[in-house]
Amino acid sequence: MISTRRHMVGGTRGIGRGLGLAVLAFAMLFSLGCGGDKKHEGHDMQSESSARKEAMTYACPMHPDIIRDAPGLCPICGMQLTMRGGGGNVDLGPGIEAMLSPTNAIAIGSYKTVTPVIKELPSAFSATGTIGYDTRNIHNVSARVDGWVDKLYVKYRYQPIAKGQRLMDIYSKVLLTAEQNYLFLLDKDPDNTALITAAAEQLALLGFSTDQVDELKRTRTADPKVAVYSPYSGYLIEDDPSVSNGSTGGMDASAPQEEAMRLREGMYVAKGSTVFRIVNTNTVWAVLNLHAGDGQDRLRKGQNILLRIDGLDGDSVQGTVAFLEPVYREGLATLSLRVIVPNPDGRIIVGSRVSAVITGDTVSGSFIPAISVVSTGEQQVAFVKHGPRFHGRKVQIGVRSGEWVQVLAGIAPTDTLAANGQLLIDSESFVRTTGNEP
């Protein structure tokens, strides 16, 4: 029994010693394990810090090549730079549902926005055009008889012409015969005042002035060469292309305009043909181009308009509305407004560029910046914001006033829209418009 007990006790002590060694080994393993976890944890923290440092870069959503270390604006398009996410991708922010929206119906980005403002502004719009001749002051000098140009006293285009100035001498058998008939009556039948008066009137119809008839009566000498005088003052702008240099055919009207005249000494002119064309520039026309919807219905004949004309050193000139052409000129999508401009000193040159701001009555309504509306040629479009996206929406605009435009339909008072609609258009496509709802 005693030996057996000693064995049992000895066995118990052996088991205890074995358990102690096992506990010690487990503790060592646990210690090693904890140390390994700390090592891995430190490595992970370092990797995370490096990744975070890498992620702290900013790029432009429209120009990914623009990358900065701090927030700011894109130097190309002015958009707000967004933080780059892991893997070098740009974080657009709206989420996957925005990215899955149709690309031809919405736009995503960071843009300045505005809301409609209730204002009372004078209707005003700008227009550009050119200075042209006042066609009421263009006069023709025509040939009263068939004949030949014996002598020319004007040689080039735009030559100043004074009323009563001698333009040319013409040789005509018809004129010679009329002169001889008049002189015959004076010599052979001086008491027949009726026939003498009729002969003098015949000379007047052929282009004789009163002074020329009196001179013929005084000298009693018929001259086959008769002087032609200008009845107008102005500038010689052209001669008629129908003037012939022979018995057949006229000159080409499409020939390049040269300083020299087409008319030459020795050329034949036909009865009724325009030999000279003279324009007076004491008044000129400013022909302004007006787009549809610019407010033509508010223009009044006689309305004063301030014009800025190239070459006048910034001086403004006042003109008067004369006429709005009721048709579109060929090849143009604008109406032409004629404005009469006084030009007594000749400072205004025909062909100069001109601009004007035309103001009208005061209009009250909902206004938005003019640059927020984009014209496609067929419709007017504004970009309305819905969450992170902008939808193109067709709008109807009214009067313009400086930098503002009136909205008649398409935009609600609570809508938020892009302040500059041009920023949402690229050079090759246009965002499709939608209705009033996204």
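Procedures and definitions
- Residues numbered from 1 in each chain as written.
- Predicted model: local features only at pLDDT ≥ 70, side-chain atom pairs only at ≥ 80, totals over all residues.
- Heavy atoms only, no water.
- Axes fitted to C-alpha atoms, helices over the stretch in contact; angles between N-to-C directions.
- Helix = DSSP H or I, 4+ residues; strand = E, 2+ residues; numbered from the N terminus.
- Parallel < 35°, antiparallel > 145°, perpendicular 65-115°, else oblique.
- Left-handed = near helix turned anticlockwise from the far one by under 90°.
- Contact = heavy atoms within 4.5 Å.
- Nonpolar A, V, L, I, M, F, W, Y, C, P; charged D, E, K, R; others polar.
- Buried < 20%, exposed > 50% of the residue type's maximum accessible area, 1.4 Å probe, protein only.
- Salt bridge = Lys/Arg side-chain N within 4 Å of Asp/Glu carboxyl O.
- pLDDT = per-residue confidence, 0-100.
- Core = buried A, V, L, I, M, F, W, Y, C linked by side-chain atoms within 4.5 Å.
- Phe/Tyr/Trp six-rings, centres within 6.5 Å; stacked < 30°, edge-to-face > 60°.
- Lys NZ or Arg CZ within 6 Å of the ring centre and 35° of its normal.
- Pairing = 2+ DSSP bridges.
- Expected span 1.5 Å × (residues − 1).
- Arc of directions from axis to C-beta.
- Polar contact = N/O pair within 3.5 Å; in protein donor to acceptor, adjacent residues only side chain to side chain.

> Just checking my understanding: could you explain the packing of helix α3 (residues 173–188) against helix α4 (residues 193–205) for this structure?
The packing of two helices is summarised by the inter-axis angle and the distance between the axes. It is the contact of α3 with α4, at a shortest axis distance of 9 Å, that shows an interaxial angle of 160°. What the angle tells us is that α3 and α4 run roughly antiparallel. In this structure, α3 crosses over α4, and the sense of that crossing is left-handed. From α3, A178, E179, Y182, L185 and L186 reach across to α4, where they touch L195, I196, A199, A200 and L203. For the contact of α3 with α4, the per-class residue count stands at nine nonpolar, no polar and one charged.

> Sorry if this is basic, but what is going on with unusual backbone geometry here?
A negative phi angle characterises most non-glycine residues, just as the trans form characterises most peptide bonds. The backbone of Y158 shows a phi angle near 65°, a positive value even though the residue is not glycine. Along the chain, Y158 falls in the loop between β8 (147–152) and β9 (160–161). Classification of Y158 by relative accessible area gives partly exposed; the value is 48%. Residue R220 is not a glycine yet carries a positive backbone phi of 55°. Note on placement: R220 falls in the loop between α5 (210–219) and β11 (225–229). Assessed through its relative accessible area of 39%, R220 is described here as partly exposed.

> Would you explain the pattern of salt bridges in this entry?
Oppositely charged side chains are able to pair whenever their charged atoms sit close together. Tallied over the entire structure, the rule returns nine salt bridges. Between E265 and K155 there is a salt bridge whose closest N-O contact spans 3.4 Å. Taken together, the positions of E265 in the loop between β12 (234–238) and β13 (268–269) and K155 in the loop between β8 and β9 put the pair 110 residues apart, joining distant regions of the chain. Looking at E265, the relative accessible area reads 40%, which means it is partly exposed. Two residues, R338 and E325, come together in a salt bridge whose shortest N-O distance is 3.1 Å.

> What exactly am I supposed to notice about the confidence of the model for the protein chain here?
Caution applies to low-pLDDT parts of the model: their predicted coordinates are not meant to be read in detail. Confidence in the prediction of the protein chain, expressed as mean pLDDT, is 75, and 71% of residues score 70 or more. Every residue in residues 1–43 scores below 50 in pLDDT, and together they form zero contacts with partners more than four places removed in sequence or on other chains. Taken as a whole, residues 86–96 scores under 50 in pLDDT and shows 13 contacts with residues more than four places along the chain or in a different chain.

> What exactly am I supposed to notice about the nonpolar core here?
Generally speaking, a soluble globular protein has its nonpolar side chains buried in company with each other. If you look at the biggest cluster of nonpolar residues, it comprises 34 residues, and the most contacted ones within it are M168, Y182, L263 and F276. Contributions of two or more residues to this core are made by β8, β10 (166–171), α3, α4, α5, β11 and β14 (274–279). Sorting elements by how many residues they give to this core places α3 first, with six residues. Of all hydrophobic cores here, the second largest spans 21 residues; its members include A286, V341, I348 and A356.

> Where do I start with the packing of aromatic side chains in this structure?
Remark: the centre distance and the inter-plane angle together describe each pair of aromatic rings, the angle taken between the planes. All chains considered together, the criterion is met by one aromatic pair. Aromatic side chains W148 and Y268 sit 5.1 Å apart centroid to centroid with 65° between the ring planes, which places their arrangement in the edge-to-face category. Here the residue W148 occupies a position in strand β8, and Y268 occupies one in strand β13, the gap between them amounting to 120 residues. The class for W148 is partly exposed, based on a relative accessible area of 41%. Cation over ring: K119 sits above W404, and NZ or CZ is 4.6 Å from the ring centre.

> Just checking my understanding: could you explain the sheet that holds β11 for this structure?
Taken in spatial order, the four strands line up as β11-β10-β8-β13 in an open sheet, and their pairing is antiparallel. The sheet is open, and its two borders are formed by β11 and β13, each paired with just one other strand.

> What's the story with α3 in this structure? I'm lost.
Relative to the 22 Å expected for 16 residues at 1.5 Å per residue, α3 spans 22 Å between its end C-alpha atoms, a close match to the ideal helical length. Looking only at α3, the buried set comprises L175, A178, E179, Y182, L183, L185 and L186. Viewed along the axis of α3, the buried residues span an arc of 155°, placing them on a single side of the element. In α3, those exposed residues whose orientation departs by more than 90 degrees from the buried face are K173, F184 and K188. The inward-facing, buried residues of α3 contact β10, α4, α5 and β11. The N-cap of α3, judged by a side-chain oxygen 3.3 Å from the amide nitrogen of V174 a few residues on, is S172.

> Quick question: what am I supposed to make of the pairing of β10 here?
Here four bridges tie β8 to β10, and the two strands are oriented antiparallel to one another. Residue pairing in the sheet places W148 in a bridge with Y171 of β10. Inspection of the sheet shows β10 paired to β11 by five bridges, in the antiparallel sense. Its bridge partner being in β11, D169 is matched across the sheet by A227.

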